[in-house]
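Listed below, chain by chain, are the residues.
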Amino acid sequence: MTFDAQAFTEELERLPARERAIQFRLLPKARALDVFEHLDAPNQADLVHLLQADETASYFEEMDPDDRVDLLDELPAKVATRLLSGLTPDERALTATVLGYPKGSTGREMSPEVAVVPQDMNAGDALARVLDRLHDSETIYTVAVSDGTRRLVGVVSLRDLLAADPATPLADFVRPADRALATERAEDAARRCAERRRIALPVVDNEDRIVGILTVDDALRILEEAESEDQARQGGTEPLRRSYLSTPILHIVRSRVVWLLVLAVGASLTVQVLEVFEHTLSQLVVLSVFIPLLIGTGGNTGNQAATTVTRALALGEVRPSDVLKVVGRELATGAVLGLSLGGLGFLITGLLYGWALGSVIGLTLFTVCCLAASVGGTMPLLAKAVKADPAVFSNPFISTFVDATGLIVYFLI
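Here is what the cut-offs are and how they apply
Residues numbered from 1 in each chain as written. Predicted model: local features only at pLDDT ≥ 70, side-chain atom pairs only at ≥ 80, totals over all residues. Heavy atoms only, no water. Helix = DSSP H or I, 4+ residues; strand = E, 2+ residues; numbered from the N terminus. Rg over C-alpha atoms; globule rule 2.2 N^0.38 Å. Buried < 20%, exposed > 50% of the residue type's maximum accessible area, 1.4 Å probe, protein only. Contact = heavy atoms within 4.5 Å. Areas by Shrake-Rupley, 256 points an atom, 1.4 Å probe, with all protein chains shown as cover. Lys, Arg positive; Asp, Glu negative; His and termini not counted. Charge placed at Lys NZ, Arg CZ, Asp CG, Glu CD. Core = buried A, V, L, I, M, F, W, Y, C linked by side-chain atoms within 4.5 Å. Phe/Tyr/Trp six-rings, centres within 6.5 Å; stacked < 30°, edge-to-face > 60°. Pairing = 2+ DSSP bridges. Axes fitted to C-alpha atoms, helices over the stretch in contact; angles between N-to-C directions. Polar contact = N/O pair within 3.5 Å; in protein donor to acceptor, adjacent residues only side chain to side chain. Left-handed = near helix turned anticlockwise from the far one by under 90°. Nonpolar A, V, L, I, M, F, W, Y, C, P; charged D, E, K, R; others polar.

Undergrad: Quick question: what am I supposed to make of the overall build of the protein here?
TA: Counting its secondary structure elements, the protein contains 19 helices and six strands. Against the compact-globule benchmark of 22 Å for 413 residues, the protein has a radius of gyration of 28 Å, which places it well outside the compact range. C-alpha atoms of the protein, sized along the principal axes, occupy 90 × 55 × 40 Å. In the protein, which comprises 413 residues, the share counted as buried stands at 46%. For the protein, the proportion of contacts with a sequence separation of at least 24, taken over those separated by at least 6, is 65%. With an accessible surface of roughly 21,300 Å², the protein has 59% of that area assigned to carbon and sulfur atoms. Counting 38 positive and 55 negative side-chain charges, the protein places the centres of these two groups 2 Å from one another.

Undergrad: Which parts of the structure should I look at to understand the nonpolar core?
TA: A general trend in soluble globular proteins is that nonpolar side chains are found buried together. The biggest cluster of nonpolar side chains holds 24 residues, and the ones touching the most others in it are Phe24, Phe36 and Leu71. Breaking this core down by element, the ones donating at least two residues are α1 (5–12), α2 (17–25), α3 (29–38), α4 (41–50), α5 (53–62), α6 (65–72) and α7 (77–85). Looking at this core, the element that brings in the most residues is α3, giving four residues. Those residues in contact with Leu71 that lie beyond four places of it in its chain are Phe36, Ala41, Gln44, Ala45, Val48, Phe60 and Met63.

Undergrad: Can you help me understand the packing of aromatic side chains in this one?
TA: For any pair of aromatic rings, the description consists of the separation of the ring centres together with the inter-plane angle of the planes. Considering all chains together, one arrives at six aromatic pairs under this definition. Both rings, one in Phe24 and one in Phe36, keep their centres 6.1 Å apart while their planes meet at 55°; by these two values the pair is tilted. Pair noted here: Phe24 is in helix α2 and Phe36 is in helix α3, with a separation of twelve residues, a long-range link. Just as Phe24 is buried, Phe36 falls in that class too. Measuring from ring centre to ring centre gives 5.4 Å for Phe24 and Tyr59, while their planes differ by 80°; the resulting arrangement is edge-to-face. With a gap of 35 residues between them, Phe24 in helix α2 and Tyr59 in helix α5 connect regions that are remote in the sequence. Neither residue differs from the other here; Phe24 and Tyr59 are each classed as buried.

Undergrad: Can you walk me through the sheet that holds strand β1 (residues 116–118) in this structure?
TA: Within a beta sheet, neighbouring strands are joined by backbone hydrogen bonds and run either parallel or antiparallel to one another. One open sheet accounts for three strands, arranged β1-β2-β3; its pairing is mixed. Of all the strands in the sheet, just β1 and β3 (152–157) have a single pairing partner and so form its edges. On average, each strand axis in the sheet is inclined to that of its neighbour by 35°, with strand direction left out of account. Summarising the sheet, strand β2 (residues 142–146) and β3 pair through five bridges and their orientation is antiparallel. Of the residues in β3, the one forming a bridge with Val145 is Gly154. With respect to the sheet, helix α10 (residues 123–132) is in contact with β1 and β2, its orientation differing from that of β1 by roughly 155°.

Undergrad: Where do I start with the environment of Arg68 in this structure?
TA: With respect to the helices and strands, Arg68 occurs in helix α6. Take Arg68: its relative accessible area is 0%, and that puts it in the buried class. Between the C-alpha atoms of Arg68 and Thr297, which are 229 residues apart in sequence, the distance is 47 Å. Once you skip the residues sitting within four places of it in the chain, Arg68 turns out to touch Phe60, Glu61, Met63, Leu87, Glu91 and Thr95. One polar contact links the side chain of Arg68 to the main-chain carbonyl oxygen of Phe60, over a distance of 2.9 Å.

Undergrad: Before we go on, may I ask you to explain the packing of helix α16 (residues 291–314) against helix α18 (residues 355–385) in this structure?
TA: Two quantities define a packed helix pair, namely the angle between the axes and the distance from one axis to the other. Viewed as axis vectors pointing N to C, α16 and α18 meet at an angle of 30°, and their least axial separation amounts to 7 Å. Note that α16 runs across α18; the crossing there is right-handed. Residue-level inspection shows Leu294, Thr297, Gly298, Thr301, Gly302, Ala305, Ala306, Val309, Thr310 and Leu313 of α16 in contact with α18, the latter providing Thr364, Leu365, Val368, Cys369, Ala372, Ala373, Gly376, Gly377, Pro380, Leu381 and Lys384. Tallied by class, the residues present in the contact of α16 with α18 amount to twelve nonpolar, eight polar and one charged.

Here you go:
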């Protein structure tokens, strides 16, 4: 039976850290290296702390430079320095290239091991150069073509090189290249790579010189991590960055407690509103029966709008400058939803509690839906405009804001 490193890794990540290290030590060296490369960076860091120094150094040496950097980000400075010092000069230089770019940038996620051929070569010589770099390049299926000073001219595919007559000048079939700037956001470059169905994107510096390559598997990993982060923050927590069963309890607590405290403080606004309108409630106690309905409807409407606009932002379908268009669309959407829900609320409440109270509930539902949809659609755009994470400004804060303002609208009506 063949060894499935991915399946073994998934089972390994379900174990506690020390048991994980014991199971890992039982693997033969070749299989252990394969499994180590499949682990995510936090779980690799756990193993580094639990394994012997010589074991760790051998695995670290075999990793790709970009994967090394992910691991180094998870380690204490002293351990990271020790591991770097054990690398060969060439591998240390490649790793330092990636480390030189800021976190979250494309340069931090790229591989500096890229196949580059000059444009003045013919197809035969170019293919020979690519094959010579076969074991030193992240990918050879997309080959970067330079002008001789490492400035990017275009790309050729391995298929084109294999099919071309060896004497054909490379310039005859080189095609323009989609590229990524090393200093741009990694998520933007990854999304471009996925949307345009590229196997890889050459990565260039500010002078258009080739510094690395971003492959589609790294692009998909970046997008998956970004999606997980957005989903976690929209739910009022921080991403765990490792499998649930292998995450220590205190780490899970830390990921949630800050948001709970923030939301608890925000919920005090709702309490203040209820205190202000305490006299109104004492006169007509039945008003309190509908508070959960109104709060829930407003929060859900705002969250739906925020989720839709946050995703549209991530896909590049809207920009902060489109705020007025978004407000208009969400206001119209909220109005239609409000008419539907408000009409239903008016009928049911009117039949049960009288038409006067039914009118209050119907009008409040209509107003709350319009308000919540508009605020929910606007907040992610404002967050993007001030360079904050739209997910942070979405569901938790919108729910708190809409709860308070919805109650004010209710009691004023």
